[in-house]
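Next come the chains, spelled out residue by residue.
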Amino acid sequence: MEESYTVEKNEKVITKERISGSEALMKCLMAEGVDTLYGYPGGAIMPVYDQLYKYQDRIHHVMARHEQGATHAAQGYSRISGKVGVVIATSGPGATNLVTGIADAQIDSTPLVCITGQVSSHLLGSDAFQETDIIGISTPVTKWNHQITKAEDIPKVLAKAFFIAKSGRPGPVLIDITKDAQFEEFDFSYQKCIGIRSYKPVPVVNKKQIEVAAALINSAKQPLIVWGQGVILSKAEDIFKAIVEKSGIPAAWTILGASALPTSHPLNVGMVGMHGNYAPNMLTNECDVLIAIGMRFDDRVTGNLDSYAKQAKVIHFEIDPAEIDKNVTVDIAILGDAKDSLTQLLPYLEDKTYPDWHQKFKDLYAIEYDKVIKNDLHPTKEGLTMGEVINQINLETKGNAAIVSDVGQHQMIACRYTNFNITKSNITSGGLGTMGFALPAAIGAKMAAPERDVIAIIGDGGYQMTIQELGTVFQQRIPLKIVVLNNEFLGMVRQWQQLFFDKRYASTEMTNPDFVAIAKGYYIDAQKVTKRSELKLAVQEMMASDGPYFLEVCVEKEGNVFPMIPSGASVSEIRLE
């Protein structure tokens, strides 16, 4: 991607103004529409922070309490807004602390531009203080990265960075700037990048393939749609809904695809994957045509690939050619942006209903409801369940809140049971499964969408990985709602230990601090719920609060999440208990 690039006409922000590299960076960010960035200052990035002080009325800097928190906050900001998230950090440990969040963004296709300071260019390779080869370290987990050693390169590289991050299949980009390049002066001008020679981020849709796919779909007797985040990233929700309604095909979702179609939609048949719903998992191995839209056939969705949908013809709508035939061999590949592809597909589809096929989904849902769902949402046993907490939140928010979940049992319960009426409402760490994601990501989400209720659902384990970000909530006065479902275990690991390791609970039981006292130490209103009779009022008080609010709910210690597909098993071997 070191090729020349195409610029927008008449997009010069400033022509031939002599300024420093660090000031040029500020002007580049403003030209790209950046008004919020997340970061943490340090020696090698100090010239940039000095200029940021000058431009603080134009760009709002949010100081996280850890650089990993900054990346997750930028992810949350991006995921709910659709904009590029921006992160800034110093060299050495500052840069390496970004890597987990960058890797998370890479696998979940979240556009970030991460800017790191670096030691002066004459010190590169000398093991100078806080020098780390962040370009080498980040190469496997970025869409593109680049090191700048001359101030004059800043505008061109930044323009490419933003274009690459947000174009095609989005992802994170890292730009490393040496300290001398930040001080050096040059004649600045800026033009946005709109294309790079040899980089074709969006394949052109093949009309013939659309016609072939439509014919196969129209001839199907038991078709199934599985959609992923690609529907959301391409802003294809409306055309996707039209496709589902016209075709009459049952549609199931991956966790990152959740909320693209309202939960209550009659053709929404639930979640696929390891802890997904019984019907769509079972019937994946009975459908005759499987239509995958904007999803990548992750192993948590497919289970054992040797037995995944072998009876079906597979149609894959995908923007990234690398995903075609990577895990599942497909019969028809439709490369292109999902919105464009689905728009071209719609006129070819016939109106269908499939009453017998839909009845199979209803029958299997009834089995799941009787064995699992009613016990999760309306338990008769004494201990509080995670499911009933989510159900109470549904009742208060009417399905209009954005839910930011961490990783573990609570994540699967939140994804399974939250009612979503609005797109971009399920923000979670999907591919990397990063504990500690939710609190900082919820900070970014709330800042990007202040008009929406944003609720972080977190386990007691993951919460303590980034608990220091309560300081960011307090300092920035972010009216975020934080719910910790406390079972005093690393719950998902404990569940596996129970089911597959003869209940040897090695290093999974938690001895927790007083979470309410910690929240109050940050001047955040807080309370703790231990009884079912306290839950409704507590959730109502939380949602009625004008400021940040922390709610700890003590749930049953050894509750499990079902259904469950054991690792390496077929999707049709899903367990209900």
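Fair warning: this is a prediction, and the values are worked out from it, not measured in the lab.

Asks: Which parts of the structure should I look at to understand the overall build of the protein?
Replies: Regarding its fold elements, the protein presents 23 helices and 22 strands. Against the 2.2 N^0.38 benchmark of 25 Å for 577 residues, the protein shows a C-alpha radius of gyration of 24 Å, consistent with a compact globule. Its C-alpha atoms put the protein at 70 × 65 × 40 Å along the principal axes. Taking all 577 residues of the protein together, the buried fraction comes to 60%.

Asks: Just to check I follow, could you spell out the pairing of strand β16 (residues 332-335) for this structure?
Replies: Where a strand is regular, its side chains alternate between the two sheet faces. In β16, alternate side chains face the same way, and those of I332 and I334 are buried while those of A333 and L335 on the opposite face are not. Pairing between strand β15 (residues 313-318) and β16: four bridges, direction parallel. Bridge pairing links E318 to L335 in β16.

Asks: Which parts of the structure should I look at to understand the sheet that holds strand β12 (residues 251-253)?
Replies: Across a sheet, paired strands are connected by hydrogen bonds in the backbone, their directions being either parallel or antiparallel. Within the open sheet, the six strands sit side by side as β13-β12-β11-β14-β15-β16. Their pairing is parallel. Either end of the sheet is taken by a strand with one partner, and the two such strands are β13 (268-271) and β16. Within the sheet, the average angular offset between the axes of one strand and its neighbour, ignoring direction, is 20 degrees. The pairing of strand β11 (residues 223-227) with β12 spans three bridges and is parallel. Residue pairing for β12: V226 is matched across the bridge by A252.

Asks: Just to check I follow, could you spell out the side chain of T434 for this structure?
Replies: Looking at where T434 falls in the secondary structure, it is placed in the loop between β18 (426-428) and α18 (438-448). Of note is the side chain of T434, whose polar atom sits 2.7 Å from the side chain of D104. Dropping the residues within four chain positions of it, T434 is found in contact with Q68, H72, T100, D104, D406, V407 and S429.

Asks: Please explain the packing of aromatic side chains as it appears in this structure.
Replies: Each aromatic ring pair is characterised by the separation of its centres together with the angle its planes make. On inspection of all chains with the given rule, the structure shows 12 aromatic pairs. Here the aromatic rings of Y38 and Y77 are separated by 6.2 Å at their centres, their planes lie at 65 degrees, and the arrangement is edge-to-face. Linking Y38 in strand β3 (residues 36-39) with Y77 in helix α3 (residues 67-81), this pair joins segments that are 39 residues apart in sequence. Y77 carries the same exposure label as Y38, and that label is buried. Between Y463 and F515, the ring centres sit 5.5 Å apart and the planes meet at 70 degrees, which makes this aromatic pair edge-to-face. Separated by 52 residues along the polypeptide, Y463 in helix α19 (residues 460-463) and F515 in helix α22 (residues 515-521) bring together distant segments of the chain. The residues Y463 and F515 share a single accessibility class, namely buried. An aromatic cluster is defined as three or more aromatic residues linked by ring pairs; in this entry it consists of Y463, F515 and F550.

Asks: What is the right way to read the domain arrangement of the protein from this model?
Replies: By a widespread convention, an interface's size corresponds to the accessible area lost as its parts come together. Taken domain by domain, the protein comprises domain 1 (8-196), domain 2 (207-360) and domain 3 (386-554). Look at where the C-alpha atoms of domain 2 and domain 3 centre, and you get two points 31 Å apart. Domain 2 puts 16 residues into the contact, and the matching count from domain 3 is 19 residues. Contact between domain 2 and domain 3 buries roughly 1,400 Å² in total, counting both sides, with carbon and sulfur atoms accounting for 58%.

Asks: Quick question: what am I supposed to make of the UniProt feature "domain: Thiamine pyrophosphate enzyme N-terminal TPP-binding" (unreviewed entry) in the protein here?
Replies: Under the feature "domain: Thiamine pyrophosphate enzyme N-terminal TPP-binding" (unreviewed entry), the UniProt entry names residues 20-135. For residues 20-135, the end-to-end C-alpha separation is 23 Å, with 43% helix and 18% strand making up the annotated structure.

Asks: How do you make sense of unusual backbone geometry when you look at a structure like this?
Replies: Glycine aside, residues mostly have negative phi, and peptide bonds are mostly found in the trans state. A cis amide bond, omega 0 degrees, links F562 with the succeeding residue P563. Structurally, P563 is set in the segment after β22 (549-554). Even without being glycine, D127 reaches a positive phi, approximately 60 degrees. Along the chain, the position of D127 falls in the loop between β6 (112-118) and α6 (134-138). We classify D127 as exposed; its relative accessible area is 72%. Of note in this structure, Q130 is not a glycine but carries a positive phi near 60 degrees. Note that Q130 resides in the loop between β6 and α6.

Asks: Even after reading the chapter, I still don't get the side chain of T71, so can you show me in this structure?
Replies: Of note, T71 is situated in helix α3. Ignoring anything within four residues of it in the chain, the contact list for T71 reads V87, L98, G101 and L112.

How each quantity is defined
- For every chain, the first residue of the written sequence is number 1, and numbering continues from 1 onward in sequence order.
- With the structure being a predicted model, the display of local features is reserved for residues of pLDDT at least 70 and the display and counting of side-chain atom pairs for 80 or more, all residues being used for whole-chain, interface and lining totals.
- Hydrogens and waters are ignored; side-chain quantities use all the structure's heavy atoms.
- Numbered from the N terminus, helices here are DSSP runs of H or I no shorter than four residues, and strands are runs of E no shorter than two.
- Put simply, the radius of gyration uses C-alpha atoms, and a globule should come to 2.2 Å times the residue count raised to 0.38.
- The rule is simple: take the accessible area with a 1.4 Å probe, protein chains only, and divide by the maximum for that residue type; under 20% is buried, over 50% is exposed, in between is partly exposed.
- We call two strands paired when DSSP finds no fewer than two bridges between them.
- Under this scheme, a helix contributes an axis fitted over its contacting stretch, all axes are lines through C-alpha atoms, and angles between N-to-C directions fall in the 0 to 180 degree range.
- Any pair of N or O atoms that falls within 3.5 Å is considered a polar contact. Within protein, one atom must be able to donate a hydrogen and the other to accept it, and sequence-neighbouring residues count only if both atoms are side-chain atoms.
- Between two residues, a contact is recorded if the distance between any of their heavy atoms is within 4.5 Å.
- The pairing test for Phe, Tyr and Trp rings, Trp by its six-membered ring, is centres within 6.5 Å, and the orientation test on the planes gives stacked under 30 degrees, edge-to-face over 60, and tilted for anything in between.
- Those domain boundaries reflect an automatic or database domain assignment.
- The term buried area means the drop in 1.4 Å probe accessible area that two parts suffer when joined, counted for both and summed.
- UniProt positions are given in the numbering used here, feature names are shortened, and annotations may be inferred rather than shown by experiment.

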